[in-house]
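Notes for the structure review
What follows is each chain in one-letter form.
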Amino acid sequence: MESKQAHFIVEVSVDGVNGRKAVGIMNTRQALELPELPFLSYTHPDPAKAAAGIVISRQELAGFMARH
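The shown structure was predicted, so the numbers you read here are calculated from the model rather than taken from an experiment.

**So, the environment of A50**
Summarising the element assignment, A50 is placed in helix α2 (residues 47-51). Residue A50 is classed as partly exposed on the basis of its relative accessible area, which comes to 24%. For the pair formed by A50 and I9, sequence separation is 41 residues and the distance between their alpha carbons is 9.6 Å. Apart from the residues within four sequence positions on either side, A50 is in contact with T43 and H44.

So, in structure tokens, the structure goes:
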């Protein structure tokens, strides 16, 4: 059975001196399996919030997934 985490897609970005650079698009399970690095950010898993450009931290992403 497929995890409900696979139903949420996020874009992972690296935050640097020249702004955010996209690393890839993946489901939230894959995003949370990445190493815990302070310069990574994630688009919000809610499509409407992601479209508005809202980015969140790994901790916020994990918290979102714990509630859904």
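Now that the structure has been shown, the text picks up again.
**Details of the packing of aromatic side chains**
Here the structure, examined in full by the defined rule, presents 1 aromatic pair. Centroid distance F8 to F64: 5.4 Å. Interplanar angle 90 degrees. Geometry classified as edge-to-face. Linking F8 in the segment before β1 (9-16) with F64 in helix α3 (residues 58-67), this pair joins segments that are 56 residues apart in sequence. Classification of F64 as buried rests on a relative accessible area of 8%.

**Observations regarding the nonpolar core**
Residues V10, V12, M26, A31, L32, L40, Y42, I56, L61, F64 and M65 constitute the largest nonpolar core, which totals 11 residues. Of all the elements in the fold, those that place two or more residues in this core are β1, α1 (28-33), β3 (40-43) and α3. The contacts of I56, once residues within four sequence positions are left out, are S41, Y42, T43, H44, P45 and L61.

**Quick notes on α3**
Within α3 the residues assigned to the buried category are R58, L61, F64 and M65. Angularly, the buried residues of α3 cover 120 degrees about the axis, an arc narrow enough to put them on a single face. Facing away from the buried surface of α3 by more than 90 degrees, the exposed residues are Q59, A66 and R67. Packing partners of the buried residues in α3 comprise β1, α1, β3 and β4 (55-56).

How each quantity is defined
- Residues numbered from 1 in each chain as written.
- Predicted model: local features only at pLDDT ≥ 70, side-chain atom pairs only at ≥ 80, totals over all residues.
- Heavy atoms only, no water.
- Helix = DSSP H or I, 4+ residues; strand = E, 2+ residues; numbered from the N terminus.
- Buried < 20%, exposed > 50% of the residue type's maximum accessible area, 1.4 Å probe, protein only.
- Contact = heavy atoms within 4.5 Å.
- Phe/Tyr/Trp six-rings, centres within 6.5 Å; stacked < 30°, edge-to-face > 60°.
- Core = buried A, V, L, I, M, F, W, Y, C linked by side-chain atoms within 4.5 Å.
- Arc of directions from axis to C-beta.

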